Amino acid sequence: MTRMNTATSPQARGSGRRTLVLLFAVFFGAMALAAVLRFTGWQPTGHRNAGQLLKPPVDLRQQAPALANGQPYPWNPEARTWRLLVAPAGACDAQCVTLSQGLGKVWQLFGHNADNVEILWLGMPPASIASLPALRPLAPSPALRAALPGVDDPAGLPVYVIDPNGFVIMRHAPGSDLGGLRKDMATLLKLK
């Protein structure tokens, strides 16, 4: 009877060790790369907001605005209504009118979700959106306007996104693409 050699050769042991070390390197290397990407704040392009996320969000719950007709405007979180807020300093110029028309188109593109979005306009809105069902003209409020970060941007009018609870969570810079605002809002509307 022949005896089988159960001892492994040094080459086979070295090859097995290299394979084991390589597996550990790939596994822990991927984990290390994921940790570095996570803690540096990197996100895939498809998951980035078009607007600036406000950290911390601005709490407007104690500054309940009033509608232009004098009635209080309740935040009413149970209704799950998101809001877009524009707060011009005074009379609307051509850039303001263009923004209002763009917001009207964005609102219409929400389709069946349009009922969950309101456009708040601090002061007198331009005639181009006066007939929009989502428009809620607010009475001028210096305190509310002062609470908005970067409201007096020399580049123009920013658009603010307010969550159903009354927190300003995002700011879209003046002149930014309204397609980005629509994309951000579409993502937020899925959070019902």
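As a reminder, the structure under discussion sits directly above these lines.
In this text the structure is predicted, and so the values were computed from the model without any measurement.

Draft legend 1. Quick peek at helix 4 (residues 178-189). When the terminal C-alpha atoms of helix 4 are compared, their 16 Å separation across 12 residues agrees well with the 16 Å that a helix rising 1.5 Å per residue should span. Here helix 4 has its buried residues at L178, G180, L181, D184, M185, L188 and L189. Residues of helix 4 that are buried in the fold lie against strand 2 (82-86), helix 2 (94-109), strand 3 (117-122), strand 5 (159-162) and strand 6 (167-172).

Draft legend 2. A look at the nonpolar core. Of all hydrophobic cores here, the largest spans 28 residues; its most connected members are L84, L103, W107, F110, V161, L181 and M185. Those elements giving two or more residues to this core turn out to be strand 2, helix 2, strand 3, strand 5, strand 6 and helix 4. If we ignore the near neighbours within four places in the chain, the residues touching M185 are W82, L84, F110, V117 and V161. Grouped together as the second largest cluster of nonpolar side chains are 17 residues, L54, A87, L138 and L148 included.

Draft legend 3. Fine view of the pattern of salt bridges. In total, this model carries 4 salt bridges according to the counting rule given. A salt bridge links R61 to D59, with the shortest nitrogen-to-oxygen separation between them at 2.8 Å. Using a relative accessible area of 41% as the deciding quantity, one classes R61 as partly exposed. On the accessibility criterion, D59 (32% relative accessible area) is partly exposed. Its salt-bridge partner being R136, residue E118 comes within 3.5 Å of it at the nearest N-O pair. One end of the pair, E118, is in strand 3; the other, R136, is in strand 4 (residues 135-138), and 18 residues separate them in sequence. Its relative accessible area of 25% is what places R136 among the partly exposed residues.

Draft legend 4. Examining helix 2 more closely. With 16 residues, helix 2 ought to run about 22 Å at 1.5 Å a step, and its terminal C-alpha atoms sit 23 Å apart, in line with that. Within helix 2, burial applies to C96, L99, S100, G102, L103, G104, V106 and W107. Buried residues in helix 2 make contact with strand 2, strand 3, strand 5 and helix 4. Just past helix 2, the residue G111 takes up positive phi, approximately 60 degrees.

Draft legend 5. Layout of the sheet that holds strand 2. If you walk across this open sheet you meet the 6 strands as 1-6-5-2-3-4, and the pairing is mixed. Each end of this open sheet is capped by a strand with a single partner; those strands are strand 1 (52-59) and strand 4. Between one strand axis and the next, the sheet turns by 25 degrees as a mean value, whatever way the strands run.

Draft legend 6. Up close: the pairing of strand 6. Summarising burial for strand 6: 6 of the 6 residues are buried, a large majority. As defined by bridge partners, strand 1 adjoins strand 6 across 4 bridges and the pair is classed as antiparallel. Across the sheet, residue L53 finds its bridge partner in strand 6, namely M170. As paired elements, strand 5 and strand 6 share 4 bridges and run antiparallel to each other. Pairing of Y160 across the sheet is with R171, part of strand 6. Counting the residues that bridge the hairpin from strand 5 to strand 6 gives 4 residues, and of these G166 lies at a positive phi of roughly 105 degrees.

Cut-offs and rules
- Residues numbered from 1 in each chain as written.
- Predicted model: local features only at pLDDT ≥ 70, side-chain atom pairs only at ≥ 80, totals over all residues.
- Heavy atoms only, no water.
- Helix = DSSP H or I, 4+ residues; strand = E, 2+ residues; numbered from the N terminus.
- Expected span 1.5 Å × (residues − 1).
- Buried < 20%, exposed > 50% of the residue type's maximum accessible area, 1.4 Å probe, protein only.
- Contact = heavy atoms within 4.5 Å.
- Core = buried A, V, L, I, M, F, W, Y, C linked by side-chain atoms within 4.5 Å.
- Salt bridge = Lys/Arg side-chain N within 4 Å of Asp/Glu carboxyl O.
- Pairing = 2+ DSSP bridges.
- Axes fitted to C-alpha atoms, helices over the stretch in contact; angles between N-to-C directions.

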